[in-house]
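Chain residues, written in single-letter form:
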Amino acid sequence: MLYFDDAYAGIMPEDYAQYAQKVHDAHTHLHSTKMAMSGWVDYPKKISDAYLKSILLAAEQIKSQSTVLVVLGIGGSYLGPKACLDMLEDEFLTETKALKIYFAGWNLSGTYHHELLNKIKDEELSLCVISKSGTTMETAEAFRLFKEVLIKKYGEKYNSRIYAITDPQSGALRKEAEENGYTAFELESDIGGRYSFLTAVGLLPLCAAGYDIYKIVQGARKAYEDCLPADLAQNSAYRYGVGRRILNERDKSIEIFCVYEPKMQYFLEWLKQLFGESEGKEGGGLFPSSLVFSRDLHSMGQFLQEGTPLFFETVLSVNSPQKDIGYEGAQRTLNEQNELVRKAVLQAHNKGGTPIFTITAEKISEEMFGYMTYFFEKACAMSCMVMGVDPFNQPGVEVYKTEVKKMLSVK
Ligand code: PA5
């Protein structure tokens with residue numbers, strides 16, 4: 001479903017071979033039950049029919065009672081569903097859908113939230129609030145704001161329009177959901193935000209938007225099987241994860257994710273969070289960045305060809321895009337031209353000395369999205385583990401959250 005190619009990365013079999021033992025040990029540890037927050041590893045296998053049915057039920061309820069669903073969350077509680085919706089939706093038709101989905105709480109802009117509330121003022125509204133900890137300030141503030149709107153609009157029945165996804169036991173949101181009778185889903189205690197797409201975090205918004213969550217799960221299950229061997233030669237996710245480390249050791253400190261399909265733009269944001277938050281620790285890690293081509297060939301192309309050689313590229317493309325178009329007398333369709341540019345840029349940048357990984361998806365679909373998220377999670381976990389950092393914590397983010405809380409408590 002997803003083809004990884006390192007032919008342009010300048011990495012030899014003997015370079016990978018040096019990592020074989022480390023990969024084997026990391027794999028054993030990752031698949032044991034000993035590693036904290038590794039619940040996502042076996043999750044594709046564990047996800048039950050009853051859980052999926054409860055999501056379908058909630059999505060049906062959302063659709064029957066609303067014309068707008070506002071999804072509130074930030075970081076791992078936002079980027080997955082946003083990236084998936086952006087990839088699957090026809091962006092020029094989203095405004096005409098029976099249920100429109102908007103995201104909030106991922107920023108604190110008064111303008112953004114004012115304009116959003118103004119836009120949806122006459123709509124039938126439901127909220128999906130996502131917060132593992134239940135205490136993240138941005139999400140909590142936006143939730144208070146939108147909850148006030150719900151209460152003014154629907155009175156005491158406001159609670160039947162709130163869908164909360166949070167830790168099964170701890171946190172303010174869990175407590176509030178129980179006290180007020182919101183529909184609540186569990187974000188398993190041993191799954192962290194950026195590894196949570198396959199839970200209700202990703203599945204509920206996607207299901208409400210009309211997508212087939214069984215196919216998403218099916219894709220993740222396929223990736224689970226494909227990413228199961230401990231052997232680097234048989235596991236592309238591990239090969240990519242280790243390849244990144246080898247290039248980092250060769251003084252490449254930036255990984256640039258590139259796409260030629262604008263629908264994948266937000267998927268790059270998801271990737272940046274996954275890798276940045278998992279790997280950027282103890283003074284190390286690759287800085288993940290992103291570019292969308294052709295747009296950025298005409299802004300960053302010069303730097304990529306001749307600038308400071310600090311980076312390598314990971315180019316994501318799609319074999320059979322959803323749609324294509326040409327015009328009478330055209331020699332090639334737009335997709336054919338896009339592919340031609342991709343191949344030319346690959347040659348040009350590689351000639352300029354840039355190592356390049358290519359990762360090609362067969363097509364864009366629910367199944368593929370499920371596959372890709374699991375593939376990159378597995379690659380990221382392996383990359384971090386061979387580097388010697390814990391992929392599943394984020395102590396640096398917690399520092400900022402604590403500072404914000406301190407400042408908020410000062411009158
Ligand atoms: O990946 C992570 O753990 C983080 O990015 C969190 O998802 C983010 O900080 C939001 O946290 P929470 O879901 O607790 O509100």
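Residues numbered from 1 in each chain as written. Predicted model: local features only at pLDDT ≥ 70, side-chain atom pairs only at ≥ 80, totals over all residues. Heavy atoms only, no water.

A. Structural view of the sheet that holds strand β2 (residues 68-72). Taken together, five strands build an open sheet; the order of strands is β3-β2-β4-β5-β6 and the sheet is parallel. With partners counted over all chains shown, the strands left at the sheet margins are β3 (100-104) and β6 (183-186), one partner each. The sheet shows a mean angle of 20 degrees between the axes of neighbouring strands, taken without regard to direction. Judged from the four bridges that link them, strand β4 (residues 125-130) and strand β5 (residues 162-166) form a sheet pairing that is parallel. Bridging across to β5, Val129 finds its partner in Ala164. Running at roughly 155 degrees to β5, helix α9 (residues 200-208) makes contact with β2, β3, β4, β5 and β6 of the sheet. (Pairing = 2+ DSSP bridges. Helix = DSSP H or I, 4+ residues; strand = E, 2+ residues; numbered from the N terminus. Axes fitted to C-alpha atoms, helices over the stretch in contact; angles between N-to-C directions. Contact = heavy atoms within 4.5 Å.)

B. Quick look at unusual backbone geometry. Phe293 connects to Ser294 through a cis peptide bond whose omega is 5 degrees. With respect to the helices, strands and loops of the structure, Ser294 is situated in the loop between β8 (287-292) and α13 (301-306). At Met37, a position not held by glycine, the phi torsion is positive, near 65 degrees. With respect to the helices and strands, the residue Met37 is situated in the loop between α2 (20-31) and α3 (43-46). Here Glu282, not a glycine, exhibits a phi torsion of approximately 50 degrees, which is positive.

C. Broad picture of helix α12 (residues 265-279). The end-to-end C-alpha distance of α12, which contains 15 residues, comes to 21 Å, matching closely the 21 Å that a straight helix rising 1.5 Å per residue would cover. Of the positions making up α12, those classed as buried are Phe267, Leu268, Trp270, Leu271, Gln273, Leu274, Phe275, Ser278 and Glu279. Taken together, the buried residues of α12 touch α5 (79-88), α11 (236-249), β7 (254-259), β8, β9 (311-320) and α15 (366-387). (Expected span 1.5 Å × (residues − 1). Buried < 20%, exposed > 50% of the residue type's maximum accessible area, 1.4 Å probe, protein only.)

D. Looking closely at the nonpolar core. With 100 residues, the main nonpolar core has Leu204, Tyr240, Phe267, Met372 and Phe376 as its most contacted residues. Per element, the largest residue contribution to this core is 14 residues, and it comes from α15. When we break this core down by domain, the ones giving at least three residues each are domain 1 (2-35 + 216-389) and domain 2 (43-213). Ignoring any residue separated from it by four or fewer positions in sequence, one finds Phe267 in contact with Ala83, Met87, Leu316, Phe369, Met372, Thr373 and Phe376. Counting 22 residues, the second largest nonpolar core, distinct from the first, contains Val70, Ala104, Val129 and Tyr154. (Core = buried A, V, L, I, M, F, W, Y, C linked by side-chain atoms within 4.5 Å. Domains from an automatic or database assignment.)

E. Structural context of the site of the ligand. Surrounding the ligand, one finds 14 residues, the nearest of these being Ser77, Ser131, Ser133, Thr136 and Gln273. In the environment of the ligand, an oxygen atom lies 3.0 Å from a nitrogen or oxygen atom belonging to the backbone of Gly76. Contacts to the ligand include Glu277, whose side-chain N or O atom sits 2.9 Å from an oxygen atom. Burial of the ligand by the protein chains amounts to 93% of its free accessible area of 380 Å². Among the residues forming the shell around the ligand, the class breakdown is one nonpolar, nine polar and four charged. (Near = heavy atom within 4 Å. Polar contact = N/O pair within 3.5 Å; in protein donor to acceptor, adjacent residues only side chain to side chain. Areas by Shrake-Rupley, 256 points an atom, 1.4 Å probe, with all protein chains shown as cover. Nonpolar A, V, L, I, M, F, W, Y, C, P; charged D, E, K, R; others polar.)

F. Spotlight on the pairing of β7. By the criterion of burial, β7 is predominantly enclosed, with five of the six residues buried. Here six bridges tie β7 to β8, and the two strands are oriented parallel to one another. From the neighbouring strand, Ile254 faces β8, where its bridge partner is Phe287. Note on the crossover from β7 through α12 to β8: the handedness is right-handed. (Right-handed = clockwise from strand over helix to strand, strands pointing away.)

G. Main features of the packing of aromatic side chains. Evaluation of the coordinates by the stated rule reveals 26 aromatic pairs. Ring plane angle 40 degrees and centroid distance 5.5 Å describe the contact between Phe4 and Phe357, whose orientation is recorded as tilted. Placement of Phe4 in strand β1 (residues 2-8) and of Phe357 in strand β10 (residues 356-363) is noted, with a sequence separation of 353 residues between them. In this structure Phe4 comes out as buried when scored by relative accessible area, which is 14%. With centroids separated by 5.3 Å and ring planes inclined at 70 degrees, the aromatic side chains of Tyr260 and Phe293 adopt a geometry described as edge-to-face. (Phe/Tyr/Trp six-rings, centres within 6.5 Å; stacked < 30°, edge-to-face > 60°.)

H. Region of interest: the pattern of salt bridges. Scanning the entire structure with this criterion turns up 24 salt bridges. Of the charged contacts in the structure, one is a salt bridge between Arg244 and Glu279, with a shortest N-O distance of 2.9 Å. Taken as a pair, Arg244 in helix α11 and Glu279 in helix α12 lie far apart in primary sequence, 35 residues in all. According to the relative accessible area criterion, Glu279 is buried, its value standing at 0%. Here Lys406 and Glu403 are joined by a salt bridge, their closest N and O atoms 3.0 Å apart. In this pair, Lys406 and Glu403 are both assigned in helix α16 (residues 395-409), three residues apart and thus about one turn of the helix distant. Overall, the relative accessible area of 48% leaves Lys406 in the partly exposed class. Sharing partners across several salt bridges, the network here consists of Arg244, Arg245, Glu255 and Glu279. (Salt bridge = Lys/Arg side-chain N within 4 Å of Asp/Glu carboxyl O.)

I. Local environment of the domain arrangement of the protein chain. By the assigned domains, the protein chain splits into domain 1 (2-35 + 216-389) and domain 2 (43-213). Look at where the C-alpha atoms of domain 1 and domain 2 centre, and you get two points 29 Å apart. Each partner contributes to the roughly 2500 Å² buried at the junction of domain 1 and domain 2, and carbon and sulfur atoms together form 65% of this total. Taken as a group, Ile216, Tyr266 and Phe369 account for 27% of the area that domain 1 buries against domain 2, more than any other trio of residues on that side. Inspection of the region where domain 1 meets domain 2 yields two salt bridges. Notably, a salt bridge pairs Glu277 with Arg194, separated by 2.9 Å at the nearest N-O pair. There are 13 residue pairs in polar contact (both at pLDDT 80 or more) connecting domain 1 and domain 2. Within the residue set of the side of domain 1 that touches domain 2, elements represented by two or more residues are α10 (213-226), α12 and α15. (Buried area = accessible area lost by both parts, 1.4 Å probe.)

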